[in-house]
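Coordinate analysis (summary)
Below, each chain spelled out in residue letters.
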Amino acid sequence: MRALIITGNGVEDSEFSYPYYRLQEEGMNVDVATPDGGSFESKHGQEFEAADISINDVRSDRYDLLVLPGGRAPENIRLEASGVGDIIRGFDDENKPIATICHGAQLLITADVLDGREATGYWSIRDDIENAGAAFVDEEVVVDGNLVCSRNPDDLPAFMRETLANIDKLTDAPA
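A brief report on the enclosed structure follows. Keep in mind it's a predicted model, so treat the numbers as computed, not measured.

**Observations concerning the overall build of the chain**
Regarding its fold elements, the chain presents six helices and 11 strands. For the chain, whose C-alpha radius of gyration is 14 Å, the value lies close to the compact-globule estimate of 16 Å for 175 residues. Taken along its principal axes, the extent of the C-alpha atoms in the chain is 35 × 35 × 30 Å. Burial status across the chain gives 56% buried among its 175 residues. Counted over contacts in the chain with a minimum sequence separation of 6, partners at least 24 positions apart contribute 64%. Looking at the chain as shown, the accessible area adds up to about 7,800 Å², and 40% of this sits on carbon and sulfur atoms.

**Here we look at the pairing of strand β2 (residues 29–34)**
For β2, the buried fraction is high: five of the six residues fall into the buried class. Handedness of the β-α-β unit built from strand β1 (residues 2–6), helix α1 (residues 13–25) and β2 comes out right-handed. Summarising the sheet, β2 and strand β5 (residues 53–54) pair through two bridges and their orientation is parallel. Looking at the pairing, T34 lines up with S54 of β5.

**A few points about the environment of A119**
Mapped onto the fold, A119 is located in strand β8 (residues 118–119). Judged by relative accessible area, A119 falls into the buried class, the value being 1%. For the pair A119 and A50, spaced 69 residues apart in sequence, the C-alpha separation works out to 28 Å. Aside from chain neighbours lying at most four places away, what touches A119 is L114, I129, A134, A135, F136, V137, V142 and C149.

**Quick word on the packing of aromatic side chains**
Aromatic ring pairs are reported here in terms of the distance separating the ring centres and the angle at which the planes meet. With the rule as written, the count across this model stands at six aromatic pairs. Aromatic side chains F40 and F48 sit 5.2 Å apart centroid to centroid with 20° between the ring planes, which places their arrangement in the stacked category. Relative to W123, the ring of Y122 has its centre 5.8 Å away and its plane inclined at 40°; by these criteria the two rings are tilted. By way of ring pairs, the aromatic residues F16, Y20, Y21, F40 and F48 are connected into one cluster. The ring of F91 carries the charged tip of K96 above its face, separated from the ring centre by 5.5 Å.

**Digging into unusual backbone geometry**
Backbone phi values are negative for most residues with the exception of glycine, while trans is the configuration of most peptide bonds. The phi dihedral of C102 is positive, around 65°, even though this residue is not glycine. Residue placement: C102 occurs in the loop between β7 (98–101) and α4 (105–111). In the Ramachandran plot, D112 falls in the positive-phi region, its phi being about 60° despite a non-glycine side chain. Inspection of the secondary structure puts D112 in the loop between α4 and β8.

**A short note on the pattern of salt bridges**
One pass over the structure, following the stated rule, counts 13 salt bridges. Across the pair E75 and R72 runs a salt bridge, and its minimum N-O distance is 3.1 Å. On the basis of relative accessibility, which here comes to 32%, the residue E75 falls in the partly exposed class. Salt-bridge contacts for D86 lead to R89; the nearest nitrogen and oxygen are separated by 2.4 Å. Of this pair, D86 and R89 both sit in helix α3 (residues 84–93), separated by three residues, roughly a single helical turn.

Definitions and limits used
- Residues numbered from 1 in each chain as written.
- Predicted model: local features only at pLDDT ≥ 70, side-chain atom pairs only at ≥ 80, totals over all residues.
- Heavy atoms only, no water.
- Helix = DSSP H or I, 4+ residues; strand = E, 2+ residues; numbered from the N terminus.
- Rg over C-alpha atoms; globule rule 2.2 N^0.38 Å.
- Buried < 20%, exposed > 50% of the residue type's maximum accessible area, 1.4 Å probe, protein only.
- Contact = heavy atoms within 4.5 Å.
- Areas by Shrake-Rupley, 256 points an atom, 1.4 Å probe, with all protein chains shown as cover.
- Right-handed = clockwise from strand over helix to strand, strands pointing away.
- Pairing = 2+ DSSP bridges.
- Phe/Tyr/Trp six-rings, centres within 6.5 Å; stacked < 30°, edge-to-face > 60°.
- Lys NZ or Arg CZ within 6 Å of the ring centre and 35° of its normal.
- Salt bridge = Lys/Arg side-chain N within 4 Å of Asp/Glu carboxyl O.

Structural measurements only, silent on function.
Structure representation (structure tokens):
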């Protein structure tokens with residue numbers, strides 16, 4: 001299994017680190033994509049050298065799971081990486097698991113994959129999620145098909161529990 005985390009400058013530290021290491025604990029290969037394929041600095045000033053690829057060089061068919069952490073990174077990515085919407089739509093079209101937390105839902109909005117679904121995210125983007133056509137649900141984790149969403153760092157244990165369960169459910173499903 002291969003996982004892809006799309007992030008960049010301003011990411012919420014724990015929303016990147018927790019899934020990054022938890023997925024590795026599960027034996028997954030985890031690649032990190034940033035706008036320029038280089039290092040990035042978190043919201044709280046931690047420098048990460050974990051980037052493997054530029055967002056514009058990502059091919060969704062090489063991965064089994066997509067993780068979109070929050071913080072300020074999604075807003076920055078929207079401005080710096082024009083191909084991010086295509087990547088997310090690729091995962092969604094193939095019914096591959098997509099896991100997003102906090103402001104990560106902004107990238108789902110950019111990809112236009114929320115219409116008719118249930119989702120959650122940080123409280124301040126509730127109107128954005130609803131304007132994208134989704135029903136906003138204020139719960140620690142919301143699962144709608146291949147999509148797993150959570151609100152904030154406090155939700156990380158539930159977020160990862162449901163992300164891992166969704167991977168199992170979708171990969172065990174008949175083709």
